[in-house]
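Residues per chain are reported as follows:
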Amino acid sequence: RIRRMWMINMKFKKKYLMESRSLSPVSHDGRWNTDADPDIVPNIPRFTPKRIPGVQPPLTFGKKSPLDIFSQYFDEEVINILCANTNKNAVRNLERGRKFTWADVYPEEMKKYIGLLLYMGVMDLPKVRDFWRKKTLFHVPFPATVMSRDRFLAISCNLHISDPMEDAENDKKRGTEEYDCLHRVQPLLDIMRNRCMSIYHPRQHISVDERMIATKARISFKQYMKAKPTKWGIKLFVLADVNGYTIDFKIYTGKSKFASGKGLSFDVVTSLVNRDYLGSGYVIYCDNFYTSPLLFRHLHQLGFGTCGTYREGRVGVPSTKQNALNKRSPRGSIRWIRNDVLLFVKWMDTREVSMCTTIHTVYSGETVLRWQTTEDGRKEKVPVPRPTAVQQYNKYMGGVDTSDQMLGTNSVHRKTRKWYMTIFQHFLDIAVTNSFILHKELCAIHHDKCMTRQNFQELLAAQLTGVPLDGSPRERCDHLPVPVSNTQNLSERASMGRRRCIRCKRSTPWKCQECDVGLCLQLDRNCFREHHI
């Protein structure tokens, strides 16, 4: 009986080895193959998305304005949350003894506030107060017609996303496992992730990468990344479409208590790539931080294709040096090893490029032009062989980089001492950028000409503030003549509290409401008009 069981096990083992050899012409520990060696056609998962890729209803019905698209992200629910928690925070700050004038903010005023933030992203000035400067060459008249400076600053200082009372309860748990370091942004974080995924469904090729939000706030989850243009800030892991649309994102707050033990990169990708939301057959592109044989095999079992650069020395990566590339290898040299579903490819360009893929063949005839020096010393462009995986990686990996570039255009980001306000500004940038991408998608569907990013944000700011975009702003005039005395006795009003006119030096019962100086307003002299010309 024992011998029979041993023979059965050996039979299955032999069958598995034969299947592996039929799938992998060269052993994992064997020599590197060249592009002249035959390769098999990989089994590519069938592309079956959960929904039709692209913009989702009801945005596809009829033509939509920028405000209609933007309101899918910052809808009435989000505006009401911001108003309610901002009012609660203002009351708490007043009770603490802070000095400012406050009246409850309502949804229409909150929309105007957001519209001004978008306006300031286009009309970039060094400081917020510069938008309300007067009597200067750099005077900007529009913001004062929407909201006074003190009111705008009061809303900015008290703007809050979460309930202040719940924040206080959460702060008491600091240092324990129950403490939530993202509690102050959690309500809007959940809504934004759901909105980004529900309004648009990605196409087949998507990418995963990091994103940095610039801040130097003193928070435990602030990160430093030497290779990024923004070196200090809050790190996000982002899933993006090739057109730059932010599909999903995750704020990195440090080591998670729910870690799988398979590494941070494994947990990040598996949390962002959701089969129940996406469907199957999607191709995931990532850089060498995420690429590992363990992750790629796991995604292959879920029905996803994968492609990415990899680091030497990772577990499961070929370590053999037989027939490998070296510094003397000519440009365009290709080496490869197939191990089960994984294909490891090395390509010599300016330097050695290492790729791992589960859906591509080694080489299908693609070439790329590179400068080379001829025998007579001249430089000319010559075609150089390029592996299929490299060509596809260069084509589809830039989704997050495209998204970052678009987010940096006309961004509402400004320096602030509150880290959660930095995240709020980033959420606003995501909503505007995604809205602009949806606008381009809808224009392509209806065969209309789409706006530029700047024109889109300008029109959206005008619609949020409730003014026409093509109309010149009428500046609110507070320079009005008012009587000096407020007494109710008409006979005493002309004689009590007279002031000296600052122009003609005569006594006058009139003053300017804004300038608060005495000015004559008589039939034979109009010092008020002469002073304000």
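Residues numbered from 1 in each chain as written. Predicted model: local features only at pLDDT ≥ 70, side-chain atom pairs only at ≥ 80, totals over all residues. Heavy atoms only, no water.

Caption draft 1: Quick look at the UniProt feature "domain: PiggyBac transposable element-derived protein" (unreviewed entry) in the protein chain. The positions UniProt marks with the feature "domain: PiggyBac transposable element-derived protein" (unreviewed entry) are residues 65-436. Structurally, residues 65-436 is divided into 37% helix and 20% strand, and its ends, taken at the C-alpha atoms, are 10 Å apart. (UniProt positions renumbered as here; feature names shortened; annotations may be inferred. Helix = DSSP H or I, 4+ residues; strand = E, 2+ residues; numbered from the N terminus.)

Caption draft 2: Examining the environment of Phe221 more closely. In this structure, Phe221 sits in the loop between strand 5 (205-214) and strand 6 (222-224). Counting along the chain gives 87 residues from Phe221 to Lys134, while the straight-line C-alpha distance between them is 41 Å. If sequence neighbours within four positions are ignored, Phe221 has contacts with Cys181, Leu182, Gly233, Ile234, Tyr252, Thr253 and Trp419. (Contact = heavy atoms within 4.5 Å.)

Caption draft 3: Helix 4 (residues 107-122), seen in detail. The terminal C-alpha atoms of helix 4, which comprises 16 residues, lie 23 Å apart, in line with the 22 Å expected from a rise of 1.5 Å per residue. Among all positions of helix 4, only Met110, Tyr113, Ile114, Gly115, Leu116, Leu117, Leu118, Tyr119, Met120 and Gly121 are buried. In this fold, the buried residues of helix 4 make contact with helix 2 (66-70), helix 3 (76-95), helix 5 (142-146), helix 6 (149-158), helix 14 (419-446) and helix 15 (453-465). (Expected span 1.5 Å × (residues − 1). Buried < 20%, exposed > 50% of the residue type's maximum accessible area, 1.4 Å probe, protein only.)

Caption draft 4: Broad picture of the side chain of His160. Turning to its location among the elements, His160 is positioned in the loop between helix 6 and helix 7 (164-171). Overall, the relative accessible area of 2% leaves His160 in the buried class. In this structure the side chain of His160 is engaged in a polar contact, spanning 2.7 Å, whose partner is the side chain of Asp167. What His160 contacts, discounting residues up to four positions off in sequence, is Ile81, Leu82, Asn85, Thr86, Asn89, Asp167, Arg184 and Tyr420. (Polar contact = N/O pair within 3.5 Å; in protein donor to acceptor, adjacent residues only side chain to side chain.)

Caption draft 5: Summary view of the layout of surface pockets. Estimated volume of the largest pocket: approximately 870 Å³. Looking at the largest pocket, it is lined by 30 residues, and the ones nearest its centre are Lys250, Thr253, Gly254, Ser256 and Lys257. Put simply, the parts of the chain that give the lining of the largest pocket at least two residues each are helix 8 (186-199), strand 8 (246-251) and helix 9 (264-272). Tallying contributions element by element places helix 8 first for the lining of the largest pocket, with four residues. For the lining of the largest pocket, the per-class residue count stands at 12 nonpolar, nine polar and nine charged. One number sums up the size of the second largest pocket: a volume of about 740 Å³. (1 Å grid on protein atoms, 1.4 Å probe; cavity = no way out; pocket = protein on both sides within 12 Å on 5 of 7 lines; lining within 4 Å. Points joined across faces, edges and corners; volume = space filled by probe spheres on them. Nonpolar A, V, L, I, M, F, W, Y, C, P; charged D, E, K, R; others polar.)

Caption draft 6: Quick peek at the pattern of salt bridges. Counting across every chain of the model gives 28 salt bridges. Here Arg414 makes a salt bridge to Asp124, at a shortest N to O gap of 3.4 Å. One end of the pair, Arg414, is in the loop between helix 13 (399-407) and helix 14; the other, Asp124, is in the loop between helix 4 and helix 5, with 290 residues separating them in the sequence. Note that Lys228 and Glu210 form a salt bridge whose closest N and O atoms lie 4.0 Å from each other. (Salt bridge = Lys/Arg side-chain N within 4 Å of Asp/Glu carboxyl O.)

Caption draft 7: Inspection of the confidence of the model for the protein chain at higher detail. Averaged over every residue, the pLDDT of the protein chain is 88; the share at 70 or more is 91%. In this model residues 12-29 is a low-confidence stretch, pLDDT under 50, and it forms 23 contacts with partners more than four residues away in sequence or in other chains. (pLDDT = per-residue confidence, 0-100.)

Caption draft 8: Summary view of helix 8. Helix length check: helix 8, at 14 residues, gives a terminal C-alpha distance of 20 Å against a target of 20 Å (1.5 Å per residue), a fit within 8%. When helix 8 is considered as a whole, its buried residues turn out to be Leu188, Leu189, Ile191, Met192, Arg195, Cys196, Met197 and Ile199.

Caption draft 9: Up close: the domain arrangement of the protein chain. When its domains are assigned, the protein chain resolves into domain 1 (63-174 + 417-465), domain 2 (202-408) and domain 3 (475-532). For domain 2 versus domain 3, the distance between C-alpha centres works out to 73 Å. (Domains from an automatic or database assignment.)

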